[in-house]
Amino acid sequence: MELNAKIPSGPIEQRWTKHRFEMKLVSPANKRKYTVIVIGTGLAGASAAATMAELGYNVRVYTYNDSARRAHSIAAQGGINAAKNYQNDGDSVYRLFYDTVKGGDFRSRESNVYRLAELSVNIIDQCVAQGVPFAREYSGLLDNRSFGGAQVSRTFYARGQTGQQLLLGCYQALQKEVAGGNAKVFTRHELLDVVVVDGVARGVVLRDMVSGRIFSDAADAVVLATGGYSNVFFLSTNAKGCNVTATWRAHRRGAGFANPCFTQIHPTCIPPSGEYQSKLTLMSESLRNDGRIWVPKRAGDTRAPGDIPEDERDYYLERLYPAFGNLSPRDISSRRAKEMVDRGHGVGPLRNGVYLDFKDAIARLGREKIRERYGNLFAMYEKITGEDPYEVPMRIYPAPHYTMGGLWVDYNLQTTIPGLFAAGEANFSDHGANRLGASALMQGLADGYFILPLTIGDWLARVKPGANTTDHPAFRDAEREAKARVDALLAVGGKTSVDTFHMRLGRIMWDKCGMSRNAAGLKEALDQVRQLREEFWRDVRVLGSGDTLNQSLEKAGRVADFLEFAELMCYDALARDESCGAHYREEHTTEDGEAKRNDEKFAFVSVWEFRGVGEEPILHKEPLTFEYVPLSTRSYK
Amino acid sequence: MEFTLHVWRQSGPAAPGRFETLSVKDISEHMSFLEMLDLVNERLIAEGKEPIAFDHDCREGICGTCGLMINGVPHGPLGLTTACQLHMRHLKGAKEIWVEPWRARAFPVIKDLVVDRSALDRIIQAGGYISVRTGSAPEANSIPVKKIDADMAMDAAICIGCGACVAACPNGSAMLFTAAKVSHLGLLPQGQPERFDRVLSMVEAHDREGFGNCTNHGACQNACPKGISVDFIARLNRDLVKAALTYKPYEITAV
Amino acid sequence: MRRAVSLYRTSVGKKFYMAVSGFILIFFLIAHMAGNLKMYAGPEAFNHYAEWLREVGYPLLPHKSALWVMRIVLLASVGIHMLSALQLYLQSRAARPIGYRQAQDLSFSYASRTMRWGGVIIAAFVVYHLLHFTTGQAHPDFRAGDAYRNVVLGFQNWWVVGFYTLTLIMVTFHLYHGLWSAFQTIGANHPKYNPIRRPLALVLALLLFAGFMSVPVGVQTGLLSLQSSIAEKEAGVFHGAPIHEGGE
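Source: prediction; values computed, not measured. Per chain, residue numbering runs from 1 following the sequence as it is written. Chains carry letters and ligands carry numbers; both start at the beginning, A for chains and 1 for ligands, and go up in the order they are written. Totals for whole chains, interfaces and linings use all residues, but because this is a predicted model, local features are given only for residues with pLDDT of at least 70 and pairs of side-chain atoms are given and counted only at 80 or more.

**Student:** Whenever I open this one, the domain arrangement of chain A confuses me. Can you help?
**Tutor:** Accessible area lost upon the coming together of the parts is a frequently used measure of interface size. Residue and element names in this part refer to chain A. Domains are outlined according to an automatic or database domain assignment. Domain boundaries assigned for chain A yield domain 1 (15–264 + 402–460), domain 2 (268–400) and domain 3 (473–595). Each of domain 1 and domain 3 was reduced to a C-alpha centroid, and the two centroids are 25 Å apart. The partner domain 3 presents 36 residues to the 37 residues of domain 1 that form the contact. A run of DSSP states H or I qualifies as a helix once it reaches four residues; a run of E qualifies as a strand once it reaches two. Both are numbered from the N-terminal end. Elements that contribute at least two residues to the side of domain 1 that touches domain 3 include exactly β6 (189–197), β7 (200–208), β8 (214–218), α7 (245–252) and β11 (263–269). Here the side of domain 1 that touches domain 3 gets five residues from one element, more than from any other, and that element is β6. Gly is put with the polar residues, along with every residue not named as nonpolar or charged; the nonpolar set is Ala, Val, Leu, Ile, Met, Phe, Trp, Tyr, Cys and Pro, and the charged set is Asp, Glu, Lys and Arg. Per-class residue counts for the side of domain 1 that touches domain 3 are 20 nonpolar, twelve polar and five charged. By the convention adopted here, residues make contact when the C-beta atoms placed from their backbones lie within 7 Å.

**Student:** It is not clear to me how the nonpolar core should be interpreted in this structure. Could you clarify?
**Tutor:** If you look at soluble globular proteins, the nonpolar side chains tend to sit buried side by side. A:V36, A:A49, A:L174, A:V223, A:L407, B:C165 and B:L176 are the most contacted members of the largest nonpolar core, which totals 337 residues. Residue contacts for A:L407: discarding those within four places in its chain leaves A:L224, A:T247, A:A250, A:A255, A:F257, A:A258, A:T415, A:A422, A:A426, A:N427 and A:F428. The term nonpolar core means buried Ala, Val, Leu, Ile, Met, Phe, Trp, Tyr and Cys residues held together as one set by C-beta atoms within 7 Å. Here a residue counts as buried when 20 or more other C-beta atoms sit within 10 Å of its C-beta, as exposed when there are 12 or fewer, and as partly exposed otherwise, the C-beta atoms being derived from the backbone.

**Student:** When you look at the sheet that holds strand β3 (residues 69–70) of chain B in this model, what are you seeing that I'm missing?
**Tutor:** Hydrogen bonds between backbone groups are what pair the strands of a sheet, and the pairing can be parallel or antiparallel. All names here are of chain B. Spatially, five strands are ordered β2-β1-β5-β3-β4 in an open sheet, and the strand pairing comes out mixed. Of all strands in the sheet, those bounded by a partner on one side alone are β2 (18–24) and β4 (73–74). Any two strands between which DSSP finds at least two bridges are classified as paired. With two bridges joining them, β3 and β4 adopt antiparallel strand pairing. Its bridge partner lying in β4, M69 is registered against P74.

**Student:** Which parts of the structure should I look at to understand the interface of chain A and chain B?
**Tutor:** Taken together, the contacts link 62 residues of chain A with 64 residues of chain B. Of all the secondary structure elements, the ones that give two or more residues to the side of chain A that touches chain B are α3 (43–55), α5 (110–130), α6 (162–180), α11 (367–385) and α16 (551–575) of chain A. For the side of chain A that touches chain B, the per-class residue count stands at 22 nonpolar, 26 polar and 14 charged.

**Student:** Just to check I follow, could you spell out the interface of chain B and chain C for this structure?
**Tutor:** Contacts between the two partners involve 46 residues from chain B, matched on the other side by 37 residues from chain C. At the level of elements, β5 (96–100), α6 (195–208), α7 (219–223) and α8 (231–246) of chain B are the ones that each hand at least two residues to the side of chain B that touches chain C. Here the element with the most residues in the side of chain B that touches chain C is α8(B); it accounts for ten residues. Grouping the constituent residues of the side of chain B that touches chain C by class yields 23 nonpolar, 14 polar and nine charged.

**Student:** For this particular structure, what's the right way to read the pairing of strand β9 (residues 221–224) of chain A?
**Tutor:** Strand residues, when the strand is regular, have side chains that alternate between the two faces of the sheet. Residues and elements named next belong to chain A. Neither face of β9 is exposed, since A221 and V223 on one face and V222 and L224 on the opposite face are all buried. In this structure, strand β1 (residues 35–39) lies alongside β9, joined through four bridges in parallel fashion. Residue I39 lies in a different strand from β9, and its bridge partner there is L224.

This is how it looks when you write it as structure tokens:
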């Protein structure tokens, strides 16, 4: 596997400009002769599809959702970063670049991150022009807030629904292109395979989820904007439908998968309330500004929180990190919470959470002030748990939230398969080993609006338009394989439901490849995942038929892919024998129990090559160099 | 909790549907409504019966995918809540629970509780956007927007497109959905150039899709999980009448 | 004209026409009610008023011309009101071919659910009402020119009063929802005035109910009879010259 990142040379500030000049162009008259397939309609997919259609390409878009407006980008709450420096507080493109590289714990590409920071300002312009109702000041100018511990206020937001508003902007732009005829959107369609001939992506195999029809579509380029894989843990903050199938199928066809073990865990989610729990709900991190996190000092203490006297409580974050206390970074707070629960200090009926207590804040600021700040969140918490957080402390627990890993892409967002591109959370590109708050939306839109529509032209200009058709026998073969797989799932006729397998997989991954990992556990996980996969193919029960809407069948296909993918995650976590960012290996800690990076041996991107199900994949390395942001260690003591 | 569940089963778009009655036991009140359905499905699968198809995705009340008529109320009795965020404790004491799909000609049933809401997409295609070529946008702060306008636009823009307004409306009208988008864009300076074309085309598309008309019952507002106000419908009406009577000649095709 | 027609073609446009015709009919009702109160001024005053309605505008205009203009405007309003109602009803009925097994009414008010069948009752009443007091075919002892007598005799029959009352209740519901709804439809909404739209509709609906009901109640209680004349008592109620068609 050749890893040519195609990073332009020269000063970092000029690389993107220089690259844009060096790329080949498709003449305006020829654009309509080219067809691009886009899978996924989140921020990256919808913005890329809309922009490419607007440029004149023929775009066909597929989404598993019933409308392009529903992709999970819609659930992002906090905001989107941009180096506008509207607050005159010292922000700049360079500072956003610097913060992002550092936040990613030096496991991302400097050039990509710089370009992201550079484009961040255009994103805001674009979105405002589209009618995204960002929060404004009384002056009528845009408001900002500081987010995720940043020292500058550079986050643009639309109440607690920034992701929704940005996605609706892209969705509307895409619908305009649909009306204009340049784009076609096929809803309730899911990708089953990527078709590669002579090492080049030629199209995809899809399933119409309503009719069950399996068919192919060919194009001059294929874009995967299919999001992340947090649902490998079963319980995560992702939507139920989020899956790894597209990126995994591409990987199986030859696309390198980068850094799959980099998964971000969000510290403030509502803990599961029972075995039936189907997903986890995120509570804004801002709650940690006023809430105090604690657990009972005595393990197994079952008293009600109000009955536990002050001196029998352990405010562990305040104790361990006096400087940052309850505002310690996401990974640290998450890990500490897990540690407390694992040691038997967990609270709540299932002893699976820690308290986030507002009693002191209410006493200090008054109930009204707290209601003003967190009223919505408190109401949401009460709706879900039935407990009133003004009276009883909230219970929180970390949950998988975002995956930094994804398909390896070069500077053009092209995967190791020519003609196959990956955008947004589906690629590995910009966040390194950890993502800063309010940066995911920025990356999705930078990829979709400003990078991909240009870089894809460089590829298209090199190929003959319309050369790929579904007449090629490779399409027949891929369709046949996909059909055989669907039939196989229906034919197992076992006893156990798909969800049961998914939950068991999630349990293994959460315990052994979750927010803290060790070599022994990862090896166990590899065995357990393999066993579970075999059991799945022996004992899964998928009822109904393949030629109607069949949600069990859809789930079964996705879980089957997760069961293969999970192994890769464990291999990657095992191979990365260091701690960095969200990847915490228990073997590599400082004396204070913090993550200990090993830049000498691990300053690279792990890129995995598929060799077969159950076979150990091959690790390739893309070395990372840091010319602009000097390698340093973070400290929150 | 223990109750009788009456749920609409329909094997396909053309198939006749019927209510299936299930006796449901051992339900925790902490489950969400959809988790209850998950569990019912697990039990059906164990018995070798096909599970109930229902739409859902984010399960945090924002994607707008889920939509169930629960005991005669879209998204259930809690108010300002989507079905995925409704918890069983809010149905405490209910001996019988009726679950039906959204009912509207424009929302044909695909299977069981799953309906096709693509008509809403087509209303957006008719003009629910601001045309701005990527890259051509002016500097974001070059056009100030009054805070009150931005806030009102946001009040309309929070629509999740779930279709509860249509489901609740005695006339099967999607006017609240249409009005929310017309108002969101019409309140902003960026939305002015296309404002009147937009309202004319979107209302035309709305009627063409086979939705009913708005007779101001207000049921949509009461059913809306985001609490969008019918004031936006008045806004749409004003814009439409103004557009039809004073805006440049515009041929509106017959309904 | 083309614009007016294209407006009517949209569902919102039909509602707009319904609202505008509704406003005209509301003005008519107000005037009609004010005229009815003339009953309390005695037979002569009332009959004179009824006669005046036919001659209003004369000698500037030919005999009965103003009356006919009014009649045409009213007839057109009723026609548009009913036609748009019918078309909108058909559109809405088609929009939900299969109903719910269980459906709770989430409407703002019960009144909004009575508009259609309430409207039908009102329409039926209007036909009867014209035959009763204007042309006389439905009246037991109709005398052209003596409107006062026709009214008193007409309302001495309890089932006539019953039908009249039922219709007025429907009219009250119809106005309570209809007036507010018309404001919505023509887009008359403003945060400052929105809170008064409902009360305004309620007050107007109730005032009309009380005003119209006072006549049959007066007849039934004997306050208005062929013998008595209590002209001066109620004279103060009557302001200005109502434009009115039939004398009842």
